[in-house]
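# Coordinate inspection notes
Here's the letter readout for the chains.
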Amino acid sequence: MMITPNTANIRKDVYLLGNTLLRLGLPRLIIRLVVTLSVLALLLYCVQGILARGKGWLEFSLHISGLNEILGKTVIDFVMQYQKFFWWLIAALLVLFVLSGLMSWLKSSVKRGRAALVPLGEMRKLCTGLSQEALDVLDWVWRDKSNPVTIGNIQSTLAQLRSGRQRKLDLARAQKLELEMALTPKTVTPTTDPSDTPHAPDGQREPTLLA
């Protein structure tokens, strides 16, 4: 399939926008990765510790508190037989709590990342490197010109460019032009009535093509 200039421009624009996003978002991506891996590793260590040492902790607690003598051997044997389910429940609750907190932090981090401002130097590179079609899409995405361009705007520009936003913008402009032309009042040229034909100075009617 032959690559049209427009397709080549889009590929170039997508590459430039992707590189810009990677360059601007790489520090945050590294921080998220490090924090996520650290939290998961610590969580795994804690869960393994709870499941492996829970029985020993329970036996020690019963011995220190003196419940061994109070509850009796039958009750203690029953508790020790089913204590693993208790520790599995504690581990599951811990996992849910930590993962919920981690997901909340990741969502907040992504939101802050999208709101981060694009430096002027990066914006200048985009303005000089992007095609006219991509700049048109960026201008459409950046609707509030009172606020600086954010990383979220660049992400939206990349997504809209891939989805064919430029064709939609061109079609919308053409439709708007057609509507404006249809709404424009048309001037009607008045026709000349024979009775309005000027008369000669002597009172005779000026000759026409008919007489």
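Here the structure is a predicted model, which means the values were calculated and not measured.

Attention now moves to the packing of helix H5 (residues 132-141) against helix H7 (residues 165-183). Interhelical geometry of H5 versus H7 gives an angle of 75° and a closest axis separation of 9 Å. Compared by their axis directions, H5 and H7 come out roughly perpendicular. In this structure, H5 contributes Glu133, Asp136, Val137 and Trp140 to the contact, and H7 contributes Arg165, Gln166, Leu169 and Arg173. When the residues that make up the contact of H5 with H7 are grouped by side-chain class, the tally is 3 nonpolar, 1 polar and 4 charged.

At a minimum axis distance of 9 Å, the contact between H5 and helix H6 (residues 151-162) shows a crossing angle of 125°. Between H5 and H6, the crossing angle belongs to the class labelled oblique. Here the hand of the crossing between H5 and H6 comes out right-handed. In contact with Ala134, Val137, Leu138, Trp140 and Val141 of H5, H6 contributes Asn153, Ile154, Ser156, Thr157, Gln160 and Leu161.

Okay, the confidence of the model for the chain next. When pLDDT is averaged across the chain, the result is 81; 71% of the residues are at 70 or more. Long-range and interchain partners of residues 1-5, a stretch whose pLDDT sits below 50, account for 2 contacts in this model, where long-range means more than four residues apart.

Below, the discussion takes up the packing of aromatic side chains. Counted by the stated rule, this structure contains 0 aromatic pairs. A cation over an aromatic ring shows up here: arginine 143 above the ring of tryptophan 140, its NZ or CZ 4.4 Å from the ring centre.

Conventions we followed
- Residues numbered from 1 in each chain as written.
- Predicted model: local features only at pLDDT ≥ 70, side-chain atom pairs only at ≥ 80, totals over all residues.
- Heavy atoms only, no water.
- Axes fitted to C-alpha atoms, helices over the stretch in contact; angles between N-to-C directions.
- Helix = DSSP H or I, 4+ residues; strand = E, 2+ residues; numbered from the N terminus.
- Parallel < 35°, antiparallel > 145°, perpendicular 65-115°, else oblique.
- Contact = heavy atoms within 4.5 Å.
- Nonpolar A, V, L, I, M, F, W, Y, C, P; charged D, E, K, R; others polar.
- Left-handed = near helix turned anticlockwise from the far one by under 90°.
- pLDDT = per-residue confidence, 0-100.
- Phe/Tyr/Trp six-rings, centres within 6.5 Å; stacked < 30°, edge-to-face > 60°.
- Lys NZ or Arg CZ within 6 Å of the ring centre and 35° of its normal.

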